[in-house]
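# Descriptive analysis of the structure
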Amino acid sequence: MDFSLINWLAVVVAGLSAFMVGGIWYSSLLFGDDWLADSKLTNEDVKQGNKAKIFGFTAVFALVMAANLGIFLADAKTDIVWGATAGFLAGIWTFGAIATHSLFELKSWRYIFINGGYSVVSLTLMGAIIGLWR
């Protein structure tokens, strides 16, 4: 693996793209209301959360995921197609982990597909960004 093949600015942008996807995915326009219901949370519950902790750790984890994906894609032949494919496959992997945890937590299939779908979409976009921005 050649770390000089990693565009670290692309990794940062890819990590931050998870916020864009999450903002849309978990809004009431898409799956936010269903996610709240299946999480047994209200808007008031969410508003009372520690925003610095939630968004701070979310940023760190998104950057770790993007860096990990960037390391896997550190190959001169990587392009947008391979990047998106690798991101999609990583998303399927995380979907499986989310599904496993959620089943033991007695969560609904809708909840699993909302959270797992977010991972698939955000990691696919991350991979596409890293693959495109060589």
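Within each chain, residues carry numbers counting from 1 in the order of the written sequence. Thresholds applied to this predicted model are a pLDDT of at least 70 for local features of residues and 80 or more for the giving and counting of side-chain atom pairs; totals over whole chains, interfaces and linings are not thresholded and use all residues. Side-chain metrics in this entry use all non-hydrogen atoms of the structure; hydrogen atoms and water are not considered.

The nonpolar core is taken to be a set of buried Ala, Val, Leu, Ile, Met, Phe, Trp, Tyr and Cys residues, with the residues joined through side-chain atoms within 4.5 Å. Categorising residues by exposure relies on relative accessible area from a 1.4 Å probe, with only protein chains included: less than 20% of the type maximum marks a residue as buried, more than 50% marks it as exposed, and the intermediate range marks it as partly exposed. Core analysis: the biggest nonpolar cluster contains 20 residues, and Val11, Ala14, Leu69, Met126 and Ile130 have the highest contact counts within it. Helix numbering and strand numbering both begin at the N terminus, where a helix is a DSSP run of H or I of at least 4 residues and a strand a DSSP run of E of at least 2. When residues of this core are traced back to their parent elements, those giving at least two are helix H1 (8-25), helix H4 (51-72), helix H5 (80-104) and helix H6 (109-132). Here this core takes six residues from H6, the largest share from any one element. Two residues qualify as a contact provided that any one of their heavy atoms is within 4.5 Å of a heavy atom in the partner residue. If we skip the residues at most four places from it in the chain, Met126 touches Ala14, Gly15, Ser17, Ala18, Ala62, Met65, Ala66 and Leu69.

Of note, the phi angle at Lys40 is positive, near 60°, even though the residue is not glycine. For Lys40, the position within the fold is in the loop between helix H2 (32-39) and helix H3 (43-47). Residue Lys40 is classed as exposed on the basis of its relative accessible area, which comes to 72%. For Leu106, which is not a glycine, the phi torsion comes out positive at approximately 60°. Looking at the element boundaries, Leu106 is found in the loop between H5 and H6. Taking the relative accessible area as the measure of exposure, Leu106 reaches 78% and is therefore exposed.

This part takes up the layout of surface pockets. Its boundaries defined by the atoms lining it, the largest pocket holds a volume of some 1200 Å³. Around the largest pocket sit 28 residues that line it, and Tyr26, Trp35, Ile54, Phe55 and Thr58 are the ones nearest its centre. When residues of the lining of the largest pocket are traced back to their parent elements, those giving at least two are H1, H2, H3, H4 and H6. With eight residues, H4 is the largest single contributor of residues to the lining of the largest pocket. Side-chain classes follow a simple rule in which Ala, Val, Leu, Ile, Met, Phe, Trp, Tyr, Cys and Pro form the nonpolar group, Asp, Glu, Lys and Arg form the charged group, and the remainder, Gly included, forms the polar group. Its residues placed into classes, the lining of the largest pocket shows 15 nonpolar, ten polar and three charged. In the cavity and pocket records, a cavity denotes points on a 1 Å grid over the protein atoms alone where a 1.4 Å probe fits but cannot get out, a pocket denotes an open set with protein on both sides within 12 Å along at least 5 of 7 lines, and lining residues are residues with an atom within 4 Å of a point. Grid points are joined across faces, edges and corners, and a volume is the space filled by probe spheres set on the points. Taken as a whole, the second largest pocket holds about 300 Å³ of empty space. For the lining of the second largest pocket, the secondary-structure elements that each account for two or more residues are H4 and H5. Counting residues per element, the lining of the second largest pocket draws most heavily on H5, which supplies six residues. Looking at side-chain class alone, the lining of the second largest pocket contains eleven nonpolar, two polar and no charged residues.

Attention now goes to a nonpolar patch on the surface. Where nonpolar side chains cluster on the molecular surface, the patch consists of Leu9, Val12, Val13, Leu16, Leu63, Ile80, Val81, Leu132 and Trp133 and spans about 780 Å² of accessible area. Going through the elements one at a time, H1 and H5 are the ones with two or more residues in the nonpolar patch. Here the nonpolar patch gets four residues from one element, more than from any other, and that element is H1. Here Val81 is to be found in helix H5. Each patch is built from salt-bridge-free residues with over 30% relative accessible area, joining like charges within 9 Å and nonpolar side chains (Val, Leu, Ile, Met, Phe, Trp, Tyr) within 5 Å. Under the convention used here, a 1.4 Å probe and the Shrake-Rupley method define accessible areas, while residue burial counts only the protein chains that appear. Whenever Lys or Arg places a side-chain nitrogen within 4 Å of a carboxyl oxygen from Asp or Glu, that contact is recorded as a salt bridge.

What follows concerns the pattern of salt bridges. Any two side chains of opposite charge can pair, given that their charged atoms come close. For the coordinates displayed, the defined rule picks out three salt bridges. Asp34 serves as the salt-bridge partner of Arg110, at 3.2 Å between the closest nitrogen and oxygen. You can see Arg110 sitting in helix H6 and its partner Asp34 sitting in helix H2, a full 76 residues away along the chain. Classification of Arg110 as partly exposed rests on a relative accessible area of 40%. Linking Asp38 and Arg110 is a salt bridge whose minimum nitrogen-to-oxygen distance equals 2.6 Å. Separated by 72 residues along the polypeptide, Asp38 in helix H2 and Arg110 in helix H6 bring together distant segments of the chain. We classify Asp38 as buried; its relative accessible area is 14%. Salt bridges sharing partners connect three or more residues here, namely Asp34, Asp38 and Arg110.

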